[in-house]
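# Residue-level structure breakdown
Below, each chain spelled out in residue letters.
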Amino acid sequence: MTATLVAILSLTVFGVPVALALDRRARGPLLVGSAFLYGSGTMYFVLLGLSIAHIRWTLISVTIASLVIFCAAAFIARRQSAEPWREAVRPHLLDLFTIFTIFCYALYATLAKVWEWDFWAIWGLKARTFLEIGGIDWRFLESRWNTFAHPDYPLLVPLNYDFVSLLGGSWNDRWLALLGVASAVALALVARALAARETTPFFAALLTMLVAALGFSRYVGLAEGPLIAFGGAGILFIRAALEWDDDACWRHGALMLGFAANCKNEGVALLVSVTIAVVASSWSSAPARLRKLAPAYVLATPWLILRAAHTLPTDLAQGSAVSRLLARLPHAHQILAYLAEQLSSPWFWVVILTGILIAPAAARRRERFIFLVTAVQLLFYVTVYMATPNNVHWHVLSSWSRLTTHLAVPIAFAVFLMLANSLRGSQDAPHAEDPRPVVPARSDE
Amino acid sequence: MVIGVESRMLLLPFIDRGPSEQAMATFTDRAWPDYPRFLEGVREHTQPGDTIAIIVPAMRWEAGYSYAFYRASYFLTGREVLPVLTPHDEPLPQNYRAAKYIAVFGVGLRIPPDAVWRSRRGALLRQRQR
């Protein structure tokens, strides 16, 4: 356990200057939460870069490379100065219950060695295989006998496991699930900081409790947890960026989404969904806003190039996906009905839909970005089911409940704030007098 | 809130977690509890880069061979684990021939005396032609 805890702490410390270089105003929960996520994402690129450069992963090589990035980020951060956000996050008694909830989830995730099939057949298997040779084992990924391990899946999660193992000195899967817990905590901290800008400490604390619960993936050891954290944080930051046209939020959002694209292929789809939603929700200023999303694509590109260069097969793309899609179109209603039948936590989605319906129209318009992201991403998922080379029922049963968790945090965040702020009335909102000036201008602008 | 928070997990600090820990620890290998220990033995008696074919009682993909093959891949990282049948249950004799070692688990074969290593439920055999 010590190695995993030290790894989480190291990733957080590593991420602090990165977070501050991107947003000098970051403080408190925003700084800690985003620092862990940046540390995790940047460490992935450190290990990926070393592997591409044929430098064997050792504690020394990884530390040197990380220190270079750490110092560069610290140098950039020090050159900037900015006042912190006016709304400091104030603690609330409800936070104690959130901490207790997280503690309970941590107990669950660490009941035993990571037990999920997909951990030891995909995510953990790759991490353990790469650790053997101190780098990405392209021969393993290219082998036709290993297609079961989904060689095309991005490697952020396995490479994070490798970082833990490098610190621990050997492979040990007993406590790796704590990384997933840390992801959920990081997302909750980011959500708390963003919610505090828009609502009272009570509602922000209540919302954080909900985000902590939804952000914790029951699929322990898989990439779902980090994807939920990076994707959720990315969407919430872009939402804030659209709301306040804040450059720091754009940077946070774009980079978080770029890291999400390195967690799972669904993260790449999420990036496309966000792009479509940004264009659709702000048509007139779309070109300028799309440029601000560019860092996400820059982060997503290396793995897409590498997997194409190594011709790593994607199971969903085998054969003719279009012909399968066309063949199943007449049965679309049956597939949709099956998806509805197999929906995990259906009452959660009923509450979300009800919340959307009863919220004031102005609040709904304000949240159209998140509604669009959710709708487009769900459309992608349905399209994949329509075009899958696998048996549709099997594919739905084995993935649908996981996929819907990817979208739960952002949509719950939006609906909760819509309802909470309509309950309170807008006159006492922290930024009610002027939604823009709470964002101080960047000193370098 | 009530729907979002998994209420059963909130009881974890207040209950005896021993049975849950035991259930989770044995969940993956509940059909063949000895298999991980066997694979650890195979790992100890082989070197990185070795090729190993797996023979188990369930010689059909969906009936257990996929589990055996995937699990072996996890425990035997650094080695190349070769399946001896396809997901469509077609035999792959070329993989059997190409393997340096055959790891046999839970099969009632007469184990030759020159087996590289044997455990209570299995053995590691080195192919003679190599």
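Here the structure is a predicted model, which is why all the values come from computation and not from measurement.

This paragraph deals with the overall build of chain A. Looking only at helices and strands, chain A has 19 helices and 0 strands in total. In summary, chain A has a C-alpha radius of gyration of 21 Å against a globular reference of 22 Å for 445 residues, a match within 12%. Across its three principal directions, the C-alpha atoms of chain A cover 65 × 60 × 45 Å. The buried share among the 445 residues of chain A stands at 60%. Within chain A, contacts between residues separated by at least 24 positions form 81% of all contacts whose residues are at least 6 apart in sequence. Total accessible area on chain A stands at roughly 17,500 Å², and carbon and sulfur atoms take up 67% of it. In chain A, 34 side chains carry a positive charge and 27 a negative one; their mean positions are 1 Å apart.

For the rest of this paragraph, the subject is the overall build of chain B. A count of helices and strands for chain B gives 4 helices and 5 strands. Secondary structure of chain B in N-to-C order comes out as α-α-β-α-β-α-β-β-β. Here the C-alpha atoms of chain B give a radius of gyration of 19 Å, more than 25% beyond the 14 Å that 2.2 N^0.38 yields for 130 residues. Its C-alpha atoms give chain B principal-axis dimensions of about 65 × 30 × 30 Å. With 130 residues in all, chain B has 47% of them scored as buried. In chain B, the share of contacts with a sequence separation of at least 24, taken over all contacts with a separation of at least 6, comes to 63%. When the accessible area of chain B is evaluated, it comes to approximately 7,200 Å², of which 52% is carbon and sulfur surface. Each charge class in chain B was averaged separately, 17 positive and 13 negative side chains, and the resulting centres sit 7 Å apart.

Contacts between chain A and chain B engage 37 residues on the former and 35 residues on the latter. Buried surface at the junction of chain A and chain B, both sides included, amounts to about 3,200 Å², of which 75% is carbon and sulfur. When the area that chain A buries against chain B is broken down by residue, the three leading residues are A:Leu111, A:Trp120 and A:Trp145, summing to 24%. On inspection of chain A and its partner chain B, the count reaches 2 salt bridges. One salt bridge connects A:Glu132 with B:Arg43, and the closest N-O pair in it is separated by 2.3 Å. Counting the contacts that link chain A with chain B gives 6 residue pairs in polar contact (both at pLDDT 80 or more).

What follows is about the sheet that holds strand β3 (residues 101-105) of chain B. Residue and element names in this part refer to chain B. Spatial ordering of the open sheet is given by β2-β1-β3-β5-β4, a layout of 5 strands whose pairing is mixed. Edge positions in the sheet fall to β2 (80-82) and β4 (117-118), since each of these pairs with one other strand and no more. Strand direction decides the pairing type here: β3 and strand β5 (residues 122-126), joined by 5 bridges, are antiparallel. By the bridge assignment for β5, alanine 103 is matched with leucine 124. With respect to the sheet, helix α2 (residues 35-44) is in contact with β1 (51-55), β3, β4 and β5, its orientation differing from that of β3 by roughly 160°. Strands β1 and β2 of the sheet are contacted by helix α3 (residues 61-75), whose axis makes an angle of about 170° with β2.

So, on to the environment of A:Pro154. All names here are of chain A. Within the fold, proline 154 resides in the loop between α6 (138-142) and α7 (156-168). Sequence separation between proline 154 and tryptophan 303 is 149 residues, and the spatial gap between their C-alpha atoms is 6.5 Å. Beyond its immediate sequence surroundings of up to four residues, proline 154 is in contact with Trp123, Ala261, Asn262, Cys263, Lys264, Asn265 and Trp303.

A few words on helix α15 (residues 332-341) of chain A. Residues and elements named next belong to chain A. Among the residues of α15, those classed as buried are Ala332, Ile335, Tyr338 and Leu339. Angular distribution of buried residues about the axis of α15 spans 125°; they occupy a single face of the element. In α15, the exposed positions that point more than 90 degrees away from the buried face belong to His333, Ala340 and Glu341. As for α15, its buried residues are in contact with α14 (321-328), α18 (368-387) and α19 (392-424).

A few words on the side chain of A:Arg307. Residues and elements named next belong to chain A. Relative to the assigned elements, arginine 307 resides in helix α13 (residues 286-309). Salt bridges are absent for the buried arginine 307, whose nearest opposite-charge side chain, aspartate 152, sits at 4.2 Å. Polar contacts involving the side chain of arginine 307 include one to the main-chain carbonyl oxygen of aspartate 152, which spans 3.4 Å. Non-local contacts of arginine 307, meaning those with residues more than four positions away in its chain, are made with Asp152, Asn265, Leu312 and Thr314.

Another point: unusual backbone geometry. Residue and element names in this part refer to chain A. For aspartate 245, which is not glycine, the phi dihedral falls at a positive 50°. In this structure, serine 345 takes a positive phi of about 50° despite not being glycine. Within the secondary structure, serine 345 sits in the loop between α15 and α16 (346-358).

Let's shift gears to the packing of aromatic side chains. Summed over the entire model, instances satisfying the criterion amount to 37 aromatic pairs over all chains. The interplanar angle of 35° and the centroid separation of 5.9 Å between the aromatic rings of A:Phe100 and B:Phe14 together place this pair among those described as tilted. Highlighted residues: A:Phe100 in helix α4 (residues 94-109) and B:Phe14 in the segment before α1 (18-27), drawn from two different chains. When its relative accessible area of 23% is taken as the criterion, A:Phe100 is described as partly exposed. Each ring, one from A:Phe119 and one from A:Tyr161, has its centre 5.7 Å from the other, and the planes form 70°; the classification is edge-to-face. Here A:Phe119, found in helix α5 (residues 117-133), pairs with A:Tyr161, found in helix α7; they are 42 residues apart in sequence, far enough to count as distant. The same class applies to A:Phe119 as to A:Tyr161, namely buried. A cation over a ring is seen here: A:Lys126 above A:Trp123, with NZ or CZ 5.8 Å from the ring centre. One residue, A:Arg174, lies across the ring of A:Trp175, its end atom 4.1 Å from the ring centre.

Remark: a regular strand shows side chains that alternate across the two faces of the sheet. Residues and elements named next belong to chain B. Of all the 5 residues making up β5, 4 are buried; the element is thus mostly covered by neighbouring parts of the structure. Of the strand pairs in this sheet, β4 and β5 are connected by 2 bridges, and their pairing is antiparallel. Pairing of arginine 118 across the sheet is with alanine 123, part of β5. Between β4 and β5, which pair antiparallel and follow one another directly, the connecting turn spans 3 residues.

Quick notes on the rules
- Residues numbered from 1 in each chain as written.
- Chains lettered and ligands numbered in written order.
- Predicted model: local features only at pLDDT ≥ 70, side-chain atom pairs only at ≥ 80, totals over all residues.
- Heavy atoms only, no water.
- Helix = DSSP H or I, 4+ residues; strand = E, 2+ residues; numbered from the N terminus.
- Rg over C-alpha atoms; globule rule 2.2 N^0.38 Å.
- Buried < 20%, exposed > 50% of the residue type's maximum accessible area, 1.4 Å probe, protein only.
- Contact = heavy atoms within 4.5 Å.
- Areas by Shrake-Rupley, 256 points an atom, 1.4 Å probe, with all protein chains shown as cover.
- Lys, Arg positive; Asp, Glu negative; His and termini not counted.
- Charge placed at Lys NZ, Arg CZ, Asp CG, Glu CD.
- Buried area = accessible area lost by both parts, 1.4 Å probe.
- Salt bridge = Lys/Arg side-chain N within 4 Å of Asp/Glu carboxyl O.
- Polar contact = N/O pair within 3.5 Å; in protein donor to acceptor, adjacent residues only side chain to side chain.
- Pairing = 2+ DSSP bridges.
- Axes fitted to C-alpha atoms, helices over the stretch in contact; angles between N-to-C directions.
- Arc of directions from axis to C-beta.
- Phe/Tyr/Trp six-rings, centres within 6.5 Å; stacked < 30°, edge-to-face > 60°.
- Lys NZ or Arg CZ within 6 Å of the ring centre and 35° of its normal.

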